[in-house]
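The lines below spell out each chain.
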Amino acid sequence: MLHIKGLTKSYKGFPVLAGLNMNIEKGDVYGFLGTNGCGKTTTMNIICNIIPKDYGEVAFEREGLKIGYLPEAPALYGYMNGYEYLDFIGACCRYEGNLNARTAEVLEITGMTGSAKRLIKGYSRGMNQRIGIAAALYNNPDLLILDEPTSALDPEGRAEVMEIIRKLAGTGSTIVLCTHILNDVERVANKVGILRNGVMAVESGLREIKEKLGGNNAINIRLREYTPEAITALCGIDLAARSEANDPGGVTLYAKQGVSEKELYNKVVITLAENNILPEGLEFKRLTLEQIYIGVTTGQL
Amino acid sequence: MNTQIKASFKKEILAFTRTKRFLILACVFIGWAALSPLLIKGLDVLAEGIYNEQFMSEIAGITANASTGVMSAVQDLSGIGILVFLLLINSFAGGEQKKRSIMIPQSSGLSAFSYLFPKFIIYPLAIFIFSVAGTLVAGAVSAYIFENNDIVISNLIISGALLGVYLMLYVCLHLSLGTATGKAGMSSAVCIAASMLLPNFFALVDAQMYNPFTLHIRALEIASGEAMSVDVILTVVVTKVIMVLVFFVALFAHNAKRIDNSGNEILV
């Protein structure tokens, strides 16, 4: 749907984007991650024609692709009420259907029907975000870009906004979710791109990224009885590169290079049986998206 | 009229009325217009209380009558009135760019014409109506408080209309500069500076009859009872043409700033 190649942008000689490549396919819910000031908003603003690019290619699947954009802090007209604002946006995007019906519909989707007749200047930040999302959704966009939709919200507001995004994702909409709140991404995204030093450090499906970067083939064994004999037996498994005794819970074993999760698991089960050790539970340990993100943005992964 | 322009008109009307700016400006124009003749009337009383020779000599030339009352109001509205108006419409002349509230409508597809056209109709029209209404109020108050009543209603309307056209030009200049640059404060300052410099330029090139900045002087002359000359019509036409040009300059600036990054080619 959208392919970006070699995108660059500098502000007063300071490079923000240094050859960014990005690929968004139809139906993707794309988590666009990166530290503050790394160029996420700049990229979004370039896609939405708000600021000019320096060099590079921004190619849409077809001409006239409709984009809905929610800026990080949407500045709305405080003297209008929610209904009037969305009506105005409907006229701006030359919505071809019935404006009143569509306004009512997007208000319903974003849960703002009850507050639609109140002036926007009296809205909370969460309500502003929801009206912003309603505006972005108005023209049934092919691509919906949400820039930090939950960053300034309290947990309740965040949950509400994420629920709206989750519902939209469920309808097959193509969404770019630009954020540094990783829980949000894990909840809805199927694809992730991590921006570092103005280039895309990692871009892949969420599951693939977790498998590729987060899978360090470790098994955590929780013991029913934490005895020195049990610890010695488990720590002595030769397929493990290292082991950590988690007193009093159990042991974490990290597989040697080239040893698969399955091989390590089999060896653990055999060792437990041979030594008559009763486990409380076994779990495969992987890096969380947050750990992967920190690893990528700090250059460790 | 297309839906976008209609919606944009509605937006500007809501902005002007709900932010109370309409009410404030109406109060300033009507209130000041009513106050000016009262101040002229009160000059005698003031003079009795102040025994300052310089002050006495300054007011000696002022004849306190109905015409002077109206002239005083026209003079005040052309100075203080426009200053208040320009400052109060700052947020509609560049403020939206500064606060970035125009970002969502523009990225949704609002055209430059639909954005600018209602502004160039509503605010100039408002100041025109305020000017005529203010002059009429000044006339009514003057007729009421002065005994030697020499007010001619048609002169009042013409005077108010000329003042209105003069002030409309400022508003158009302000809207054009403010929306094109996103710097409304700077735009107000440039407008005020232009009013001081351009009359000298027109005087230098001996083109006073085309000088839109002389319209308020013509308004004063007509308020004082002088007959309207044909030159005034030419000045009004020139002023209107300048306003239209200023609108197109703003439109051109907005369209020139429009960004399209969606090229498939790599820019070099």
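Everything that follows concerns the structure shown earlier in this document.
Cut-offs and rules
Residues numbered from 1 in each chain as written. Chains lettered and ligands numbered in written order. Predicted model: local features only at pLDDT ≥ 70, side-chain atom pairs only at ≥ 80, totals over all residues. Heavy atoms only, no water. Contact = heavy atoms within 4.5 Å. Buried area = accessible area lost by both parts, 1.4 Å probe. Salt bridge = Lys/Arg side-chain N within 4 Å of Asp/Glu carboxyl O. Polar contact = N/O pair within 3.5 Å; in protein donor to acceptor, adjacent residues only side chain to side chain. Helix = DSSP H or I, 4+ residues; strand = E, 2+ residues; numbered from the N terminus. Nonpolar A, V, L, I, M, F, W, Y, C, P; charged D, E, K, R; others polar. Axes fitted to C-alpha atoms, helices over the stretch in contact; angles between N-to-C directions. Parallel < 35°, antiparallel > 145°, perpendicular 65-115°, else oblique. Left-handed = near helix turned anticlockwise from the far one by under 90°. Buried < 20%, exposed > 50% of the residue type's maximum accessible area, 1.4 Å probe, protein only. Pairing = 2+ DSSP bridges. Patch = residues over 30% accessible without salt bridge, like charges linked within 9 Å, V, L, I, M, F, W, Y side chains within 5 Å. Areas by Shrake-Rupley, 256 points an atom, 1.4 Å probe, with all protein chains shown as cover. Phe/Tyr/Trp six-rings, centres within 6.5 Å; stacked < 30°, edge-to-face > 60°. Expected span 1.5 Å × (residues − 1).

Points about the interface of chain A and chain B
A common way to report how large an interface is uses the accessible area buried once the components associate.
1) Next: Counting from both sides, the interface comprises 33 residues of chain A and, opposite them, 33 residues of chain B.
2) Next: Between chain A and chain B, roughly 2900 Å² of surface is buried when both sides are summed, and carbon and sulfur atoms account for 61% of that area.
3) Next: Viewed at the interface, chain B and chain A are joined by one salt bridge.
4) Next: Summed over the shared surface of chain A and chain B, the number is 10 residue pairs in polar contact (both at pLDDT 80 or more).
5) Next: Residue assignment for the side of chain A that touches chain B shows that the elements contributing at least two residues are β4 (55–60) and α2 (82–92) of chain A.
6) Next: Split into classes, the residues belonging to the side of chain A that touches chain B amount to 25 nonpolar, three polar and five charged.

Focus on the packing of helix α4 (residues 66–88) of chain B against helix α7 (residues 112–145) of chain B
Residue and element names in this part refer to chain B.
1) Next: Where α4 meets α7, the closest approach of the two axes is 9 Å, and the angle between their N-to-C directions is 150 degrees. Our classification of the angle between α4 and α7 gives roughly antiparallel. α7 is crossed by α4, and the crossing has right-handed handedness. Two secondary-structure elements touch here, α4 through Ala66, Gly69, Val70, Ala73, Val74, Leu77, Ile82 and Phe85 and α7 through Tyr123, Ala126, Ile127, Phe130, Gly134, Thr135, Ala138, Gly139 and Ser142.

Things to note about the environment of Gly258 of chain A
1) Next: Summarising the element assignment, Gly258 of chain A is placed in the loop between β12 (250–255) and α9 (261–274).
2) Next: Taking the C-alpha atoms as reference points, Gly258 of chain A and Asn98 of chain A, separated by 160 residues in sequence, lie 62 Å from one another.

Things to note about the pairing of β12 of chain A
All names here are of chain A.
1) Next: Of all six residues in β12, six are buried; the element is thus mostly enclosed.
2) Next: Strand direction decides the pairing type here: strand β11 (residues 240–246) and β12, joined by six bridges, are antiparallel. Among the inter-strand pairings, Ala245 is bridged to a residue of β12, identified as Val251.

Looking at a nonpolar patch on the surface
Residues and elements named next belong to chain A.
1) Next: A contiguous nonpolar patch, built from Tyr265, Val269, Leu282 and Phe284 and spanning about 320 Å² of accessible area, is present on the exposed surface.
2) Next: Among the secondary structure elements, those contributing two or more residues to the nonpolar patch are α9 and β13 (279–286).
3) Next: As for its placement among the helices and strands, Tyr265 is situated in helix α9.
4) Next: Given the relative accessible area of 33%, Tyr265 is considered partly exposed.

Quick look at the sheet that holds strand β7 (residues 174–178) of chain A
All names here are of chain A.
1) Next: As summarised here, the arrangement of the six strands in space is β5-β6-β7-β3-β8-β9, forming an open sheet in which the pairing is mixed. Both edges of this open sheet fall to β5 (67–70) and β9 (199–205), since each of them pairs with a single strand only. Shown here is a sheet whose adjacent strand axes are inclined to one another by a mean of 15 degrees, direction ignored.
2) Next: Across six bridges, strand β8 (residues 191–196) lies against β9 in antiparallel orientation.

Observations concerning the packing of aromatic side chains
Aromatic ring pairs are described here by two measures, namely the spacing of the ring centres and the angle between the planes.
Residues and elements named next belong to chain B.
1) Next: The tally for this structure, following the rule as stated, stands at 18 aromatic pairs over all chains.
2) Next: Ring centres 5.0 Å apart and planes at 80 degrees place the aromatic pair Phe16 and Tyr123 in the edge-to-face group. Here the residue Phe16 occupies a position in helix α1 (residues 3–18), and Tyr123 occupies one in helix α7, the gap between them amounting to 107 residues. Just as Phe16 is buried, Tyr123 falls in that class too.
3) Next: On the numbers, 5.8 Å between centres and 80 degrees between planes, the contact of Phe113 with Phe247 is edge-to-face.

Quick notes on helix α1 (residues 40–47) of chain A
All names here are of chain A.
1) Next: Burial within α1 is extensive, with seven of its eight residues counted as buried.
2) Next: Looking at α1, one finds that the buried residues are Lys40, Thr42, Thr43, Met44, Asn45, Ile46 and Ile47.
3) Next: Count one or two residues on from α1 and you reach Asn49, which has phi positive near 60 degrees.

Overview of the pairing of strand β2 (residues 14–24) of chain A
Residue and element names in this part refer to chain A.
1) Next: In the sheet, strand β1 (residues 2–11) pairs with β2 via eight bridges, with the strands oriented antiparallel. Within β2, the residue paired with Ile4 across the bridge is Met22.
2) Next: A loop of two residues connects β1 with β2, the two strands running antiparallel in sequence, and Lys12 in this loop sits at a positive phi of about 50 degrees.

Quick notes on the packing of α7 of chain B against helix α8 (residues 153–181) of chain B
Residue and element names in this part refer to chain B.
1) Next: It is the contact of α7 with α8, at a shortest axis distance of 8 Å, that shows an interaxial angle of 150 degrees. In terms of their interaxial angle, α7 and α8 are classed as roughly antiparallel. Considering how the two elements wind past one another, α7 and α8 form a crossing that is right-handed.
2) Next: Looking at the contact of α7 with α8 residue by residue, the class counts come to 19 nonpolar, eight polar and one charged.

Things to note about unusual backbone geometry
Residues and elements named next belong to chain A.
1) Next: For Asn140, which is not glycine, the phi torsion reads 50 degrees and is therefore positive.
2) Next: The topology assignment puts Asn140 in the loop between α4 (125–137) and β6 (143–147).
3) Next: Overall, the relative accessible area of 41% leaves Asn140 in the partly exposed class.
4) Next: With a phi angle near 55 degrees, Asn276 is a residue other than glycine that sits in the positive phi range.
5) Next: Topologically, Asn276 is positioned in the loop between α9 and β13.

Side note on α4 of chain A
1) Next: Counted at 1.5 Å a residue, the expected span for α4 of chain A with its 13 residues is 18 Å, and the 18 Å between its end C-alpha atoms agrees.
2) Next: Taken together, the buried positions of α4 of chain A are occupied by Gly126, Met127, Asn128, Gln129, Arg130, Ile131, Gly132, Ile133, Ala134, Ala135, Ala136 and Leu137 of chain A.
3) Next: Along its buried surface, α4 of chain A packs onto β5, α2, α3 (99–109), β6 and α5 (155–170) of chain A together with α6 (103–108) of chain B.

Quick word on the pattern of salt bridges
Pairs can form between side chains of opposite charge whenever their charged atoms are close.
1) Next: Tallying each qualifying case throughout the model produces 15 salt bridges over all chains.
2) Next: One salt bridge connects Arg158 of chain A with Asp184 of chain A, and the closest N-O pair in it is separated by 3.0 Å. Here Arg158 of chain A, found in helix α5, pairs with Asp184 of chain A, found in helix α6 (residues 182–188); they are 26 residues apart in sequence, far enough to count as distant.
3) Next: The partner of Glu96 of chain B in a salt bridge is Lys11 of chain B, and the shortest N-O contact between them spans 2.6 Å. Taken together, the residues span a long stretch of sequence, with Glu96 of chain B in helix α5 (residues 95–99) and Lys11 of chain B in helix α1 at a distance of 85 residues. Side by side, Glu96 of chain B and Lys11 of chain B carry an identical accessibility label, which is buried.
4) Next: When salt bridges with common partners are traced through the structure, they connect Lys11, Glu12, Glu96 and Lys119 of chain B into a single cluster.

Read these as geometric descriptors, not functional statements.
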